[in-house]
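Spelled out from the first residue to the last, the chains are:
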Amino acid sequence: MIVRYRTGMKVSKYLHSCLAFELDGYKLLFDPGNFTFAEGLVKPEAFADVQAIVVTHIHPDHFYLENIKKILAINKVPIYTTAEVSKVLEKENIKCTIWEDGIHYLGPFKLQVISVVHEPVLDNPTPQMIGFIINDKVLHPVDSMEDALLIHTGIELLIMVTMAPFAREIRIAAFADKIKPKQILPVHDGYAKDFFIKQRYANYNNHFKKQGITFHELYQPADSIII
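In what follows, the accompanying structure is described. Throughout, residues of each chain are indexed from 1 in the direction in which the sequence is written. For a predicted model such as this one, the threshold for reporting local features is a pLDDT of at least 70, and the threshold for listing and counting side-chain atom pairs is 80 or more; totals across whole chains, interfaces and linings nevertheless cover every residue. Based on all heavy atoms of the structure, the side-chain values leave hydrogens and waters out of the count.

## Some words on the packing of aromatic side chains
Turning to step 1, where the next piece is worked out: Classification of ring pairs rests on two measures: the distance between centres of Phe, Tyr or Trp rings, Trp counted by its six-membered ring, which must be within 6.5 Å, and the angle between planes, read as stacked under 30 degrees, edge-to-face over 60 and tilted in between. With the rule as written, the count across this model stands at 13 aromatic pairs.
Turning to step 2, where the next piece is worked out: Seen in terms of ring centroids, Phe35 and Tyr191 are 6.1 Å apart; in terms of plane orientation they differ by 65 degrees. Their pairing is edge-to-face. In this pair, Phe35 is assigned in the loop between strand E4 (26-30) and strand E5 (52-54) and Tyr191 in the loop between strand E13 (183-187) and helix H4 (194-209), connecting sequence segments 156 residues apart.
Turning to step 3, where the next piece is worked out: Under the scheme applied here, a residue whose accessible area is under 20% of the maximum for its type counts as buried, over 50% as exposed, and between as partly exposed, the area being computed with a 1.4 Å probe on protein chains only. With relative accessibility at 21%, the residue Phe35 sits in the partly exposed group.
Turning to step 4, where the next piece is worked out: Among the aromatic residues, ring-to-ring pairing joins Phe21, Phe30, Tyr80, Trp99 and Phe132 into one connected group.
Turning to step 5, where the next piece is worked out: Two conditions define a charge located above a ring, namely a distance within 6 Å from the ring centre to NZ of Lys or CZ of Arg, and an angle within 35 degrees of the ring normal. For the cation-ring pair, Lys198 lies above Tyr219, with the distance from its terminal atom to the ring centre recorded as 5.8 Å. A run of DSSP states H or I qualifies as a helix once it reaches four residues; a run of E qualifies as a strand once it reaches two. Both are numbered from the N-terminal end.

So this is what it looks like as structure tokens:
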């Protein structure tokens, strides 16, 4: 397991777009989707110590009901999500809190919730989606690259989609170029083979290095950085 730096907020990646944020003994889990437990690389027990779960939108690579149930079976934690996702959870008698735009606090985390527009997907309705500014340091736009996010230019860390049906490498890099973060953590790569991910990461690393932006190459489940 890779851990870089030694103090501050720890951000761990658990396949695709499943992320855990840890600070002062509090652990916050984002988007345990359908890739999270794929091939048995990650077990539900890995999240036995999380204090809360956030689901950003209804797409299965971010919200997978069976995985939510597996986590809740061993750790009955609160869930924070959109009104669209809440309807699915309520049918299963799973309680959740709907988050609107604004500032919310969970433990040591300040979470600025912002409604963001999902990039267009072929023959797929646009889902309700929430992005985040976490502790004024992290921009997590989820699957959005809209210009409205450019007000966060210069932020410490950008959680960046690296490959997707809705965007090519050039568009993704161009969005990050405009944000000008100090660091980038890559996500949204769960459907690619390891050799392809490494090639794509190398391309991004070479590109962002020219601008003095640190691109973190995280390959294994639970690889993490600390900011």
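The discussion continues.
## Re the sheet that holds E13
Turning to step 1, where the next piece is worked out: DSSP-based pairing: two strands are paired if at least 2 bridges between them are found. Read from one edge to the other, the open sheet built from seven strands follows the order E8-E9-E10-E11-E12-E13-E14, with strand pairing classed as mixed. Two strands close off the open sheet at either side, each with one partner strand: strand E8 (102-106) and strand E14 (214-215).
Turning to step 2, where the next piece is worked out: In the sheet, strand E9 (residues 109-115) pairs with strand E10 (residues 130-134) via five bridges, with the strands oriented antiparallel. Counted as the bridge partner of Leu111 is Ile134 from E10.
Turning to step 3, where the next piece is worked out: Across the sheet, helix H3 (residues 169-179) lies against strand E11 (138-140), strand E12 (157-161) and E13, angled at about 165 degrees from E12, the strand it touches most. We call two residues contacting when some pair of their heavy atoms lies within 4.5 Å. Angles run from 0 to 180 degrees between N-to-C directions of axes, and those axes are lines fitted to C-alpha atoms, restricted for helices to the stretch in contact.

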